[in-house]
Amino acid sequence: MSEGYRVAVVGATGQVGTLMLRLLREREFPAREVVPFASERSAGRTLEGAGVRGEDLVVRGLSEEAVRGFDLALFSAGGGTSGQWAPVFAREGAIVVDNSSRWRMNDDVPLVVSEVNPHALDSHRGIIANPNCSTMQMVVALAPLHREAGIERLVISTYQAVSGTGKAAVDELLDQSHALLHEQSIEPPGTYAHQIAFNALPHAGNFAEGDDHTDEERKLINETRKILEDPSIRVSATCVRVPVVNGHSEAVNMQTRDQLSPERAREILEAAPGVTVLDDPSSALYPLAIDAAGKDDVFVGRIRRDPGHERALDMWIVSDNLRKGAATNAVQLAELLDERGLIGSERVPRAASFA
Ligand SMILES: NC(=O)c1ccc[n+]([C@@H]2O[C@H](COP(=O)([O-])OP(=O)(O)OC[C@H]3O[C@@H](n4cnc5c(N)ncnc54)[C@H](OP(=O)(O)O)[C@@H]3O)[C@@H](O)[C@H]2O)c1
């Protein structure tokens with residue numbers, strides 16, 4: 001048997017899956033074979049040059065037989081697919097890194113950001129969760145500030161790109177924009193409740209019955225506390241979908257337990273892994289979604305004292321939601337698992353049950 005791992009990429013034809021395949025290749029992940037999975041609609045399709053050595057890959061459908069014999073499975077195929085198939089991959093000996101929200105708040109599933117809480121990987125029982133994109137980029141910037149001054153409360157407004165909803169949402173924004181610019185009527189909205197082109201929707205995610213927050217807002221609240229390992233942090237979140245193709249922006253008001261000046265916060269962030277500070281507003285220098293697109297870092301700017309609170313700072317945090325918000329972190333977790341010798345079926349502590 002040749003060197004390297006046998007890796008499954010589930011959701012390989014989607015936005016995140018396509019990028020994960022590319023990152024495995026570009027970052028030279030030690031895979032001897034990568035097998036792409038997607039829905040039955042895509043089974044048999046050839047993904048040209050998508051393998052780790054630039055070879056063509058043929059998409060497979062999921063079946064009990066097809067998922068046997070993997071060391072690692074990277075999932076980005078929605079919560080339903082993860083709920084059904086991640087435990088099967090884990091049972092068959094693979095470590096699963098899952099991009100969906102299905103397993104994130106499960107007590108037996110570590111929720112890990114590579115720069116923030118890599119130690120949490122050690123407690124895995126076969127499934128590891130990749131956080132929600134808006135939470136991910138925010139905690140990369142906030143974790144070093146939390147370590148310095150202790151976060152008490154966050155008030156967050158997001159400006160989220162349509163790529164966060166999937167390929168169909170990107171098509172809908174572009175189709176609506178094209179139609180409106182050409183003075184044509186638009187199709188009734190399919191992905192969102194309202195027209196997204198030239199609009200801002202205070203409705204990113206879905207409202208569960210009886211809840212006045214969207215699930216996206218609940219994810220920001222709950223996942224932030226789990227990743228920062230501090231359930232006492234109070235979080236208020238409003239998640240807004242804006243007509244940006246790629247790159248989430250966030251206005252964050254952070255109240256700390258100890259004093260933290262904007263200068264000290266800037267200094268900490270400049271030294272933080274995975275963070276780039278762009279903060280010279282007088283020269284119109286601050287993070288922008290169009291600049292963050294295609295990059296792996298989290299960009300922070302507009303760092304300033306909240307005039308309404310002596311222990312609060314305001315800042316603007318931007319990142320490519322498909323990269324650090326999803327695919328990059330998933331591949332970074334795979335790299336950490338490899339470095340720590342955690343991949344290999346004989347070393348996977350079997351999950352008691354993932355129901
Ligand atoms: N987009 C983001 O910013 C982001 C960030 C964090 C997490 N995520 C999560 O990542 C996942 C994928 O997001 P995306 O933006 O890549 O979506 P997408 O572009 O719509 O791709 C969805 C992928 O899932 C596959 N799939 C759908 N139903 C399936 C089934 N029954 N069995 C197997 N595969 C199936 C699709 O295959 P076909 O092509 O055959 O339909 C496709 O490969 C979601 O769980 C999302 O919540 C996304």
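Keep in mind that this is a model prediction, so the values were computed, not measured. (Residues numbered from 1 in each chain as written. Predicted model: local features only at pLDDT ≥ 70, side-chain atom pairs only at ≥ 80, totals over all residues. Heavy atoms only, no water.)

## What about the layout of surface pockets?
Next, step 1: If you add up the space inside the second largest pocket, you get close to 160 Å³.
Next, step 2: Lining of the second largest pocket is provided by Thr-13, Gly-14, Gln-15, Thr-18, Leu-19, Arg-22, Lys-167, Asn-246, Asp-320, Leu-322 and Arg-323.
Next, step 3: No other element matches the four residues that helix α1 (residues 15-26) contributes to the lining of the second largest pocket.
Next, step 4: Looking at the lining of the second largest pocket residue by residue, the class counts come to two nonpolar, five polar and four charged. (1 Å grid on protein atoms, 1.4 Å probe; cavity = no way out; pocket = protein on both sides within 12 Å on 5 of 7 lines; lining within 4 Å. Points joined across faces, edges and corners; volume = space filled by probe spheres on them. Helix = DSSP H or I, 4+ residues; strand = E, 2+ residues; numbered from the N terminus. Nonpolar A, V, L, I, M, F, W, Y, C, P; charged D, E, K, R; others polar.)

## Some remarks on empty space enclosed by the protein
Next, step 1: Enumeration according to the criterion identifies one cavity of 30 Å³ or more in this entry.
Next, step 2: Of the volumes computed, that of the largest cavity is approximately 40 Å³.
Next, step 3: Surrounding the largest cavity, Glu-115, Val-116, Val-140, Ala-143, Pro-144, Arg-147, Ala-272 and Pro-273 form its lining.
Next, step 4: Taken together, the residues of the lining of the largest cavity sort by class into six nonpolar, no polar and two charged.

## Quick word on the packing of α1 against helix α8 (residues 323-339)
Relative placement of two packed helices is described by the angle separating their axes and the distance separating the axes.
Next, step 1: Where α1 contacts α8, the two axes come as close as 9 Å, and the packing angle between them is 45°. Accordingly, the angle class assigned to the pair α1 and α8 is oblique. Where α1 crosses over α8, the two elements pack in a sense that is right-handed. Of the residues in α8, those touching α1 at Val-16, Leu-19, Met-20, Arg-22, Leu-23 and Leu-24 are Arg-323, Ala-326, Ala-327, Thr-328, Ala-330 and Val-331.
Next, step 2: Across the contact of α1 with α8, the residue classes break down as nine nonpolar, one polar and two charged. (Axes fitted to C-alpha atoms, helices over the stretch in contact; angles between N-to-C directions. Parallel < 35°, antiparallel > 145°, perpendicular 65-115°, else oblique. Left-handed = near helix turned anticlockwise from the far one by under 90°. Contact = heavy atoms within 4.5 Å.)

## What to know about the pairing of strand β8 (residues 151-160)
Next, step 1: Direction of pairing for β8 relative to strand β10 (residues 248-256): antiparallel, over a ladder of eight bridges. Bridge assignment links Ile-151 to a residue of β10, and that residue is Thr-256.
Next, step 2: In terms of strand pairing, β8 meets strand β9 (residues 234-241) through eight bridges, oriented parallel. In the sheet register, Ser-157 faces β9, and the bridge partner there is Thr-238. (Pairing = 2+ DSSP bridges.)

## Notes on unusual backbone geometry
Next, step 1: The backbone of Glu-229 shows a phi angle near 55°, a positive value even though the residue is not glycine.
Next, step 2: Its place among the elements puts Glu-229 in the loop between α5 (215-227) and β9.
Next, step 3: The phi dihedral of Ala-284 is positive, around 60°, even though this residue is not glycine.
Next, step 4: Locating Ala-284 in the fold gives a position in the loop between β11 (275-277) and α7 (289-292).
Next, step 5: Classification of Ala-284 by relative accessible area gives partly exposed; the value is 47%. (Buried < 20%, exposed > 50% of the residue type's maximum accessible area, 1.4 Å probe, protein only.)

## Some words on the nonpolar core
Next, step 1: Within the largest apolar cluster, 61 residues are counted, with the highest numbers of intra-cluster contacts made by Phe-89, Leu-142, Leu-154 and Met-315.
Next, step 2: If one sorts the elements of this core by residue count, helix α3 (residues 133-149) sits on top with nine residues.
Next, step 3: The residues touching Leu-154, leaving out its near neighbours within four places in the chain, are Met-138, Leu-142, Thr-224, Ile-233, Arg-234, Val-235, Ser-236, Val-252, Asn-253 and Met-254.
Next, step 4: One finds Val-34, Leu-72, Ala-120 and Ala-327 within the second-largest nonpolar core, a separate group that totals 38 residues. (Core = buried A, V, L, I, M, F, W, Y, C linked by side-chain atoms within 4.5 Å.)

## A closer look at the site of the ligand
Next, step 1: Residues in close proximity to the ligand total 26 residues, the closest being Thr-13, Gln-15, Ser-39, Arg-41 and Ser-42.
Next, step 2: Measuring from an oxygen atom of the ligand, one finds a side-chain N or O atom of Gln-15 at 2.7 Å.
Next, step 3: A total of 900 Å² of accessible area belongs to the ligand in isolation, and the protein chains cover 77% of it.
Next, step 4: Of all the secondary structure elements, the ones that give two or more residues to the shell around the ligand are α1, α2 (78-91) and α8.
Next, step 5: Classifying every residue of the shell around the ligand by side-chain character gives eight nonpolar, 16 polar and two charged. (Near = heavy atom within 4 Å. Polar contact = N/O pair within 3.5 Å; in protein donor to acceptor, adjacent residues only side chain to side chain. Areas by Shrake-Rupley, 256 points an atom, 1.4 Å probe, with all protein chains shown as cover.)

## Quick notes on the sheet that holds β11
Next, step 1: On the basis of which strands lie adjacent, the open sheet formed by six strands has the order β9-β8-β10-β13-β12-β11 and mixed pairing. The strands lining the two open edges of the sheet, one partner per strand, are β9 and β11. Each neighbouring strand pair of the sheet contributes to a mean axis angle of 20°, computed without reference to strand direction.
Next, step 2: Across the face of the sheet, α5 comes into contact with β8 and β9 while running at roughly 140° to β9.

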